[in-house]
Structures are given as structure tokens and as C-alpha cells.
Amino acid sequence: MTDPQIAILMLGLFIVVIMLGFPIAFTLMAMGIGFGYYAYFDAERMRHILDNRIFDLFVNQTYSVMANDVLTAIPLFLFMGYIVERANIVDRLFETLSIATRRMPGSMAVAALITCALFATATGIVGAVVTLMGLLALPAMLKARYDERFASGVICAGGTLGILIPPSIMLIVYAAASGVSIVRLYAGALLPGFLLAGMYLVYIIGRAMLQPSLAPRPEEPEEPIPTAKLAWMLLTSFFPLAILILSVLGAILFGLATPSEAASIGALGGLVLAIAYRALTWKRLQESVYLTVRTTAMVCWLFVGSWTFSSVFSYLGGEHIVRDFVMGLDMTPLQFLILAQIIIFLLGWPLEWSEIIIIFVPIFLPLLPLFDIDPLFFGILIALNLQTSFLTPPMAMSAYYLKGIAPPQIRLTQIFAGSLPYVFMVFITMIMLYVFPQIAYYLPQLFYGR
């Protein structure tokens, strides 16, 4: 077999192995070292069995990942999210927003979506948001006689917004993989993220107006809550978290701090919030640190394995085969974008977003200049597309997170049915982004020029 044929065998074997359920990071490292040993084998220079350049490459790749300035922000943002999750903010926030929006159609669903979006933006951890909101908001909506599918879909869709709206951990990972400025990427993702969240809100309010039985209006309290008390509830629940997020994001976008520095301030702000709410205990701090280290290690080892694998794959000539194959299809830029997004959409069924970004997106990145596609624009399309990976059957992880803590009468098929309208809204937003690319480019050009 020729080297390019072995490269394709390497890629095919990797896909088969991960479908069998083997750990992806260690599979990447093992296959990268195994095939790399063959690729770099030189019998004349070999003095002993470990005398092979693949081991030098592996060590260098590990050091490069651990020293990457962009990736430094990941553990800090994760720590901020885990601390905020344990600060008992979400229950107060949902209760306050439910009262503040009670005169709107679908008020509890609106409050749940806003809480999900704000909490997801602060944490960036979809499973934590969906699980916590499923425990908090879903029983409240069911008690108010909300339709099971309608209530489930709101929580699943709202919980995924954190991987799109900055400060998003997914965008940091994409920036590290693609070399795109994380600052410009954050600026570019803001308007698409708010556009998608706005479409969700319009859908919720519209459905509640057209079909009031889906979301009955809450009964008016016997004693109306005074405006001053409501203002104080907002001041102590909504604004602290919103100010923390806006401070972190503003420091990044306006050049006051690097992403790592802003993430440090965010982590400190999360600790201050936990102390202010009297929710910081030694056990919760331990849990937050442990979960931060575990998630960060997963991302870092995925990067090490992916970069080792892709280096060997490229050295064997696999990258040229992929490029020649794609160019042989004689596609237009639009056709290439559609094909790439369909592949990423399908990969979202069995794989997590981190694995898609770190392993498969780098295959597309060298092809972007051939079709004159901006990596920033491509990254935001991917961030939108990956919303669907959490909502689309059969492997909609948000649905499984919610099913794990939902009351027994809530069936998985009901959660799937409630999530599907939001999948179509994601597709509509992607089409709008292609037709009107200034949605992504306006803020980066306004803040930083072309």
C-alpha cells in the first residue's frame, strides 16, 4: 500500500474504533503514535526500538497544547461556570423572571428560556444547564399545566445557547484549532447568538398566543408583589449574573484584557457571587475544582491526540487526497458550505461538539482558502450547526439529560417532539447568516476594522 492509502486506512480505522465506543482522546494518541511509527520509521538511523521521530513529535505536540495561551482561558471559564452553578443563583433568577414576565403569553416558558440562556452563557456546560433547569423549571411549568412537549423543548433549546453566545468555550476551542482571533470570533458570534435566542422567544410567545392551552396564564396572586420588591429581586438575582457576564465579555471585546485575563476576573467574580449568596462551602469548592480539572484535561488530551493524528495523517499524504477529492467534485463555495455543514450535522449525532471541533473541523480548514471562505464565518456557522447536535434525534444529548431527571410521565419522544421546532429555527438562522453575512461581520468590523 502507498502512504496516501495508509492515511485513508488510518482515518477509516479511527472512525470504526470510535463507533465501537473506545475513548476518543486515547484512540487518537494510540493511532497517531502507531501509524506515525510506520511513517517515520528509518531502519538505517534506528539504534533501538524507541528511536523514532514520532515520540519527539508527540512530546512537542503535548508541550504546544499545554503552553497555548488561548486554551488557558478554558479552565478559568469552566471554574467560573461550576462556581456559579453551585451559588444558588438559578432558582432565584427563574422565580424572579417568572414574576416579572407573568403578564406575557407563555410567561414561565419565557422566564425559563431567559434563565437558560443567561446561565448557559455563564457556564458553557450544556448538561449542567439542562439538568439544573429540568429540576427547577420543568416541575414548575408542569404544575402550571404547561404542555409536556412545549415545556421540554424550551429547556433543551435554551440550555444549548451557551456554546454559541460568548463567552463560549466552544468558540475558544475553535479559535485554537483554526488560528482565528478569539476576540473577533466572540464579536462575530454575538449577533447570530442573540438572533437565534430572539427567534426562540418569538416562537414561544407566538405559540402561547395561538394555542393558549399549551401555556396557560398563571393565576394572579392574592396580594400583588410591590414594584419595589420586584426591583429588589431583579437587583439581587438577574443583575449580578448579567453584570458578571457583560464585564467579562466587555473586557475582551474592548481590548481591556486578554481572554485569559478576563476569564480570571470571571472566575474571581463567580467566587464573589458564591460568597455573597452564602453558597460557598469547602465541598462545593472542591467539586468545582475537580470538575474543572477533569473537563480541562479531556479537552487538552483531545488536542494532543488530534494534532498528533493529523500531523501523521498529513505526512502520509492524506490531506492531499482529501483536497484533491473535494476539488475534483467541482463545487461552488455554497455547495461546499452545504456539504461541510451536512457532514458536521451528521457527526453531531454520535459525537460531542468538542470532538467534532478538535478532530474533524481541521480537515475542512485547509480547504477554506480554495473556496475563498473566511474561517471566522465558517466557525460561526459551525457554532450554529452544533446547536442541532444537542436537539436532533436519535442522539440528542439535551433530551437525554432532561429525560434523566424528568418526571416518569415525560417520554423521550415527547422531548424530541418539543425540541424539533428549535432545530428548524437553527437552520433558518444559518440560511439568514449566509444570505446576510454582515450579521457575523458587523461587530468585528465595527470594533476592529477589516
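All values derive from a computational prediction rather than experimental measurement.

What counts, and at which threshold
- Residues numbered from 1 in each chain as written.
- Predicted model: local features only at pLDDT ≥ 70, side-chain atom pairs only at ≥ 80, totals over all residues.
- Heavy atoms only, no water.
- Helix = DSSP H or I, 4+ residues; strand = E, 2+ residues; numbered from the N terminus.
- Rg over C-alpha atoms; globule rule 2.2 N^0.38 Å.
- Contact = heavy atoms within 4.5 Å.
- 1 Å grid on protein atoms, 1.4 Å probe; cavity = no way out; pocket = protein on both sides within 12 Å on 5 of 7 lines; lining within 4 Å.
- Points joined across faces, edges and corners; volume = space filled by probe spheres on them.
- Nonpolar A, V, L, I, M, F, W, Y, C, P; charged D, E, K, R; others polar.
- Patch = residues over 30% accessible without salt bridge, like charges linked within 9 Å, V, L, I, M, F, W, Y side chains within 5 Å.
- Areas by Shrake-Rupley, 256 points an atom, 1.4 Å probe, with all protein chains shown as cover.
- Salt bridge = Lys/Arg side-chain N within 4 Å of Asp/Glu carboxyl O.
- Buried < 20%, exposed > 50% of the residue type's maximum accessible area, 1.4 Å probe, protein only.
- Axes fitted to C-alpha atoms, helices over the stretch in contact; angles between N-to-C directions.
- Parallel < 35°, antiparallel > 145°, perpendicular 65-115°, else oblique.
- Left-handed = near helix turned anticlockwise from the far one by under 90°.
- Core = buried A, V, L, I, M, F, W, Y, C linked by side-chain atoms within 4.5 Å.
- Phe/Tyr/Trp six-rings, centres within 6.5 Å; stacked < 30°, edge-to-face > 60°.
- Expected span 1.5 Å × (residues − 1).
- Polar contact = N/O pair within 3.5 Å; in protein donor to acceptor, adjacent residues only side chain to side chain.
- pLDDT = per-residue confidence, 0-100.

S.K.: Help me out: how do you make sense of the overall build of the protein in this one?
M.R.: Counting its secondary structure elements, the protein contains 20 helices and zero strands. Taking 450 residues into account, the globule formula puts the C-alpha radius of gyration at 22 Å, and the protein, at 23 Å, falls close to it. By its C-alpha atoms, the protein is 90 × 50 × 50 Å across when sized along the principal axes. Residue pairs in contact within the protein that sit at least 24 positions apart in sequence constitute 79% of those at least 6 positions apart.

S.K.: Could you clarify how one ought to interpret the layout of surface pockets in this entry?
M.R.: Gaps left between atoms show up when a probe the size of a water molecule is rolled over them. Space inside the largest pocket adds up to approximately 800 Å³. Those elements giving two or more residues to the lining of the largest pocket turn out to be α1 (3-19), α2 (24-39), α4 (73-85), α7 (126-143), α13 (282-315) and α16 (353-364). Considered class by class, the residues forming the lining of the largest pocket number 23 nonpolar, five polar and five charged. The volume enclosed by the second largest pocket comes to roughly 440 Å³. Along its surface, the second largest pocket is lined by 20 residues, and L11, I343, F360, I363 and F364 are the ones closest to its centre. Only α1, α14 (318-328), α15 (333-347) and α16 provide two or more residues apiece to the lining of the second largest pocket. Here the lining of the second largest pocket gets five residues from one element, more than from any other, and that element is α1. Residues of the lining of the second largest pocket, tallied by class, amount to 20 nonpolar, no polar and no charged.

S.K.: Help me understand a nonpolar patch on the surface in this model?
M.R.: On the surface, a cluster of nonpolar side chains totalling about 740 Å² of accessible area is made up of L334, I338, I342, L346, I431, Y434, V435 and F436. Of all the secondary-structure elements, those providing two or more residues to the nonpolar patch are α15 and α19 (412-435). Among the elements that make up the nonpolar patch, the one with the highest residue count is α15 (four residues). Assignment of secondary structure puts L346 in helix α15. Given the relative accessible area of 42%, L346 is considered partly exposed.

S.K.: Where do I start with the packing of helix α8 (residues 148-160) against helix α18 (residues 397-405) in this structure?
M.R.: Think of two packed helices as two axes; the pair is described by the angle between the axes and how far apart they sit. Where α8 meets α18, the axes come as close as 9 Å, and the angle between the chain directions of the two elements is 125 degrees. Put simply, α8 runs oblique to α18. Here the hand of the crossing between α8 and α18 comes out right-handed. Here S152, I155, C156 and T160 of α8 come into contact with α18, specifically with S398, A399 and L402.

S.K.: Sorry if this is basic, but what is going on with the nonpolar core here?
M.R.: Most often, soluble globular proteins have nonpolar side chains that are buried together. With 171 residues, the main nonpolar core has F77, Y200 and F303 as its most contacted residues. Once residues lying within four places of it in the same chain are set aside, the contact partners of F303 are V65, L71, V173, A176, A177 and I358.

S.K.: Just to check I follow, could you spell out the packing of aromatic side chains for this structure?
M.R.: Here the distance between the centres and the angle between the planes together describe a pair of aromatic rings. Per the stated rule, a full pass over the model turns up 16 aromatic pairs. Taken together, a centroid distance of 6.3 Å and an interplanar angle of 40 degrees make the contact between F14 and F360 tilted. With a gap of 346 residues between them, F14 in helix α1 and F360 in helix α16 connect regions that are remote in the sequence. The pair F14 / F360 is uniform in exposure class, with both members buried.

S.K.: Sorry if this is basic, but what is going on with helix α12 (residues 259-276) here?
M.R.: Residues lying three or four places apart along an α-helix face the same way, a consequence of the helix completing one turn every 3.6 residues. For α12, spanning 18 residues, the distance from its first C-alpha to its last is 25 Å, which sits close to the expected 26 Å at 1.5 Å a residue. Along α12, the residues classified as buried are P259, S260, A262, A263, G266, A267, G269, G270, L273 and A274. The elements touched by buried residues of α12 are α4, α5 (89-100), α10 (182-210) and α11 (227-253). Looking one or two residues past α12, R278 carries a phi angle of roughly 55 degrees, positive in sign.

S.K.: Is there a simple way to explain the side chain of S419 in this structure?
M.R.: Here S419 lies in helix α19. Within polar-contact distance, the side chain of S419 engages the backbone oxygen of I415 at 2.9 Å. Sequence-distant contacts of S419, defined by excluding residues within four places in its chain, comprise G153, C156 and L391.

S.K.: Just checking my understanding: could you explain the confidence of the model for the protein for this structure?
M.R.: The predicted structure's coordinates, where accompanied by low pLDDT, should not be read in detail. Overall, the predicted model of the protein reaches an average pLDDT of 84, with 97% of residues at or above 70. When the elements of the protein are averaged for pLDDT, α14 gives the smallest value, 79, and α10 the largest, 91.

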